[in-house]
Structure formats: structure tokens, C-alpha cells
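# Coordinate inspection notes
Read off the chains here:
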Amino acid sequence: FKGNANSLAALSEKGNTLQNMYEKQVEKVSTLEEALKNCQAAQEQYSQRVTTARENISRCEQELEKLKNSTGDTSEEQKALTEELDKWNTELEEAQAGQAAAERGVQSWQKQLNNANADLYYKDHRNTKEQKISRRGQKQHRRTRKVNR
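Summary of the structure given here. Every residue gets a number counted from 1 within its own chain, in the order that chain's sequence is written. This being a predicted model, a pLDDT of at least 70 is required before a residue's local features are given, and a value of 80 or more before pairs of side-chain atoms are given or counted; all residues contribute to the totals for chains, interfaces and linings. Side-chain numbers come from the whole structure's heavy atoms, not from hydrogens or water.

A count of helices and strands for the chain gives 2 helices and 0 strands. The buried share among the 149 residues of the chain stands at 24%. Whether two residues are in contact is decided by their heavy atoms, any of which lying within 4.5 Å being enough. Partitioning the contacts of the chain with sequence separation of at least 6, the portion at a separation of at least 24 is 84%. Carbon and sulfur atoms form 47% of the exposed surface of the chain, whose accessible area is close to 11,000 Å². Strands here mean DSSP runs of E at least two residues long; helices mean DSSP runs of H or I at least four residues long; both are numbered from the N terminus. Each residue is placed in one exposure class: buried if its accessible area under a 1.4 Å probe, protein chains only, is under 20% of its type's maximum, exposed if it is over 50%, and partly exposed if it falls in between. Computed with the Shrake-Rupley method and a 1.4 Å probe, the accessible areas treat only the protein chains shown as cover for residues.

Dropping the structure here:
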């Protein structure tokens, strides 16, 4: 025998080690899925903020246009709308920056999740292969014991 690399105990230990690696990888995939969901939720929130800001910018611009075409002193209303418009433009810029960052985050988390799933598949495939080898080793060990008796 060339060492004990294929002994029943060694094969069982390999199987246990692979199972532990597989379980850790499953946990990693689960963690990455949760992170991806959180990032997607943030992306959706930023998207809603962008939409709200655009709607309010449009509303303020329309109201300012109406005030410009009206008769009478509307300078106070125009000033208030201009300040509100500035506020919404700032909100739009911040929301767009947050949305872009969230999109990059989603792409990054998705890439990590894809890689982790590929590793999980590899570990699962390897674990299954090792289990088959381990079962073969157990059968050989039993046959060897019978022959040696």
C-alpha cells in the first residue's frame, strides 16, 4: 500500500473536510444573497427618490412658468418656488449619485454571488465525487478483509 491516503479513515476525513467546505460555501452564498437583496432595495429607494425629485422639479417649473405669465406681483411666490426648485435639483443630484453607487454595488454583489455559486457547484461536484470514491474505498477495504481472513 502506498501510504494510507486511501484508507477508510483517510477517505472519511477527506469527506468530512469537503462537507465542511461545502457548508461554509453554502453559508457564503446565503450571505451574498442577503447583501445583494439589501443593495437592490437601496437601489430601488434611490430610484424612487429620483422619480419623486423629477416630478417635483417638473411641477415647480410649470408653476414658475404660470407665475411668469400672470399679472400682478408674484415675486414672493416665484422666490419660494425657485428655492423649492433648487432643493429638488439638489435632491435629484444626490439621489442619482446614490442610485449610480447602488447600481455598482448590485453589479459587484451579483458578480461575487455568481462566483460563490460556481464555487459551490464545484465543491458539491467534488464532494459527490469524493463520497463515491470513499464508498468504493470502503467496499475495497471490506473485500480485502474478507480475502485476508
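Still more ground to cover, so stick around.
In this section: the nonpolar core. Side chains that are nonpolar tend, in soluble globular proteins, to be buried together. Counting residues in each nonpolar core, the largest one holds 11 residues, listed as Val50, Ala53, Ile57, Cys60, Leu64, Leu67, Leu81, Leu85, Trp88, Leu92 and Ala95. Elements represented by at least two residues in this core include exactly α1 (8-68) and α2 (75-148). For this core, the element with the most residues is α1, which contributes 6 residues. Ignoring any residue separated from it by four or fewer positions in sequence, one finds Trp88 in contact with Thr52, Ala53, Asn56, Ile57, Arg59 and Cys60. Remark: nonpolar core denotes a set of buried residues (Ala, Val, Leu, Ile, Met, Phe, Trp, Tyr, Cys) joined through side-chain atoms within 4.5 Å. Residues Leu32, Leu36, Val106 and Leu113 belong to the second largest nonpolar core, which totals 8 residues.

Attention now goes to the pattern of salt bridges. In what follows, salt bridge is the name for a side-chain nitrogen of Lys or Arg lying within 4 Å of a carboxyl oxygen of Asp or Glu. Within the structure shown, the criterion is met by 3 salt bridges. When the shortest N-O distance is used, the salt bridge between Arg49 and Glu91 registers 2.7 Å. Separated by 42 residues along the polypeptide, Arg49 in helix α1 and Glu91 in helix α2 bring together distant segments of the chain. Classification of Arg49 by relative accessible area gives partly exposed; the value is 31%. When the shortest N-O distance is used, the salt bridge between Arg59 and Glu84 registers 2.4 Å.

Moving on: the environment of Ala35. In this structure, Ala35 sits in helix α1. Using a relative accessible area of 17% as the deciding quantity, one classes Ala35 as buried. The sequence separation of Ala35 and Gly105 amounts to 70 residues, and the corresponding C-alpha distance is 9.4 Å.

Right, let's get into the side chain of Gln99. By the secondary structure assignment, Gln99 is in helix α2. On the basis of relative accessibility, which here comes to 18%, the residue Gln99 falls in the buried class. If near-sequence neighbours (up to four positions away) are discounted, Gln99 is found in contact with Tyr46, Ser47 and Val50.

Mapped onto the elements, Gln25 comes out in helix α1. Dropping the residues within four chain positions of it, Gln25 is found in contact with Ala116, Asp119, Leu120 and Lys123.

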